[in-house]
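What the coordinates show
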Amino acid sequence: MTPGDPILFVNNVTKRFGGLVAVNNVSFEVREHEVMGLIGPNGSGKSTTMNMISGALKATSGSITLKGHDLTRAKTFENARFGVSRTFQLVRILPELSVLENVIAGAVFGHKRRWGAEAEAFAAGLLERVGLAERITAPVGSLTYIDQKRLELARALAGEPSVLLLDEWLAGLNPSELKVGIDLVASLRQEGRTIILVEHVMDAIRSLCDRCLVINSGTKIAEGTPDAVLSDPDVIRAYLGEG
Ligand SMILES: Nc1ncnc2c1ncn2[C@@H]1O[C@H](COP(=O)(O)OP(=O)(O)OP(=O)(O)O)[C@@H](O)[C@H]1O
């Protein structure tokens, strides 16, 4: 789907941890229906940026707004209400709940607050969507790694997000699972989801992203199409190091 108007505005955002500036005066916009890749070497500030959008961390300065909601001033739990859902670098699912219950939890605490039978039917539909229809009543402990990833994705989608944050969602998959994972994200793109993708798998970045933002040592160093940024000498230098 062709990207529409910008809905997420990150304005001059800085995050300090004591003396360390993890994110340094970064600004960008994300348009509706756009898949934006956020890339950069290890420790460059990608997860910190995602955490500020999701509300897990508060910016030291700057502002983040989504469809007119000020995420920077919101309480942590309000970011989901305002339309942000995410997956985590290390899968986080609720081990004492079933597959279905995990996704219902996402619907109940999400953007639109569905309850009861409505939440259950909605969650079941999403499990089918991510390829987990057969495992609906399974205990989460019995899931394979890729199925845990599918579950986390279904739970994030259950929040009916305006923007979906995928933090290295493809990490740790073997080559055949990776293809399945990329196809699944491609199908989300196809249906017009707005996504920020933090990813080290460059094939995924090239095939999935409309646009990429590159950060290095907390500072934005490039922005553009995947092909343009990945051939940018500053970006190559950041990844490979000087010399
Ligand atoms: N809670 C924290 N307290 C102190 N320093 C932190 C904290 N979280 C992150 N940092 C530091 O901030 C910098 C940016 O980290 P961040 O995790 O955002 O990088 P990243 O680009 O996501 O890295 P990776 O690709 O390895 O996941 C790093 O130097 C990291 O050590």
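Residues numbered from 1 in each chain as written. Predicted model: local features only at pLDDT ≥ 70, side-chain atom pairs only at ≥ 80, totals over all residues.

Within an unreviewed UniProt entry, the label attached to the protein reads ABC transporter ATP-binding protein, and the organism entered is Roseibium sediminicola.

In summary, soluble globular proteins display a tendency toward joint burial of nonpolar side chains. Counting 59 residues, the largest nonpolar core has Met36, Val103, Ala123, Leu127, Ala154, Ile196 and Leu197 as its most contacted members. Top element by residues in this core is helix 5 (residues 145–158). It accounts for 6 residues. (Core = buried A, V, L, I, M, F, W, Y, C linked by C-beta atoms within 7 Å. Buried ≥ 20, exposed ≤ 12 C-beta atoms within 10 Å, placed from the backbone. Helix = DSSP H or I, 4+ residues; strand = E, 2+ residues; numbered from the N terminus.)

This part covers the sheet that holds strand 8 (residues 195–198). The mixed open sheet is built from 6 strands, whose spatial order is 6-7-8-3-9-10. Across the chains shown, the open sheet's two edge strands, defined by having one partner strand only, are strand 6 (84–87) and strand 10 (219–224). Recorded for the sheet is a direction-independent mean angle of 20 degrees between the axes of neighbouring strands. Pairing between strand 3 (residues 35–39) and strand 9 (residues 211–216): 4 bridges, direction parallel. Looking at strand 9, one finds that Met36 is bridged to Arg211. In the packing of helix 9 (residues 233–240) onto the sheet, contacts are made with strand 9 and strand 10, and the angle to strand 10 comes to roughly 130 degrees. (Pairing = 2+ DSSP bridges. Axes fitted to C-alpha atoms, helices over the stretch in contact; angles between N-to-C directions. Contact = placed C-beta atoms within 7 Å.)

Around the ligand, the neighbouring residues are Phe17, Leu20, Ala22, Gly40, Asn42, Gly43, Ser44, Gly45, Lys46, Ser47 and Thr48. Put simply, the parts of the chain that give the shell around the ligand at least two residues each are strand 2 (20–31) and helix 1 (46–54). If one sorts the elements of the shell around the ligand by residue count, helix 1 sits on top with 3 residues. Of the residues in the shell around the ligand, the class split is 3 nonpolar, 7 polar and 1 charged. (Near = placed C-beta within 6 Å. Nonpolar A, V, L, I, M, F, W, Y, C, P; charged D, E, K, R; others polar.)

Our next topic: the sheet that holds strand 1 (residues 6–17). Strand order in the open sheet made by the 4 strands is 2-1-4-5, with antiparallel pairing throughout. In this open sheet, the two edge strands, each paired with only one partner strand, are strand 2 and strand 5 (69–70). One ladder, built from 2 bridges, connects strand 4 (residues 61–66) with strand 5; its direction is antiparallel. Across the sheet, Leu66 pairs through a bridge with His69, a residue of strand 5. Strands strand 1, strand 2 and strand 4 of the sheet are contacted by helix 1, whose axis makes an angle of about 60 degrees with strand 2.

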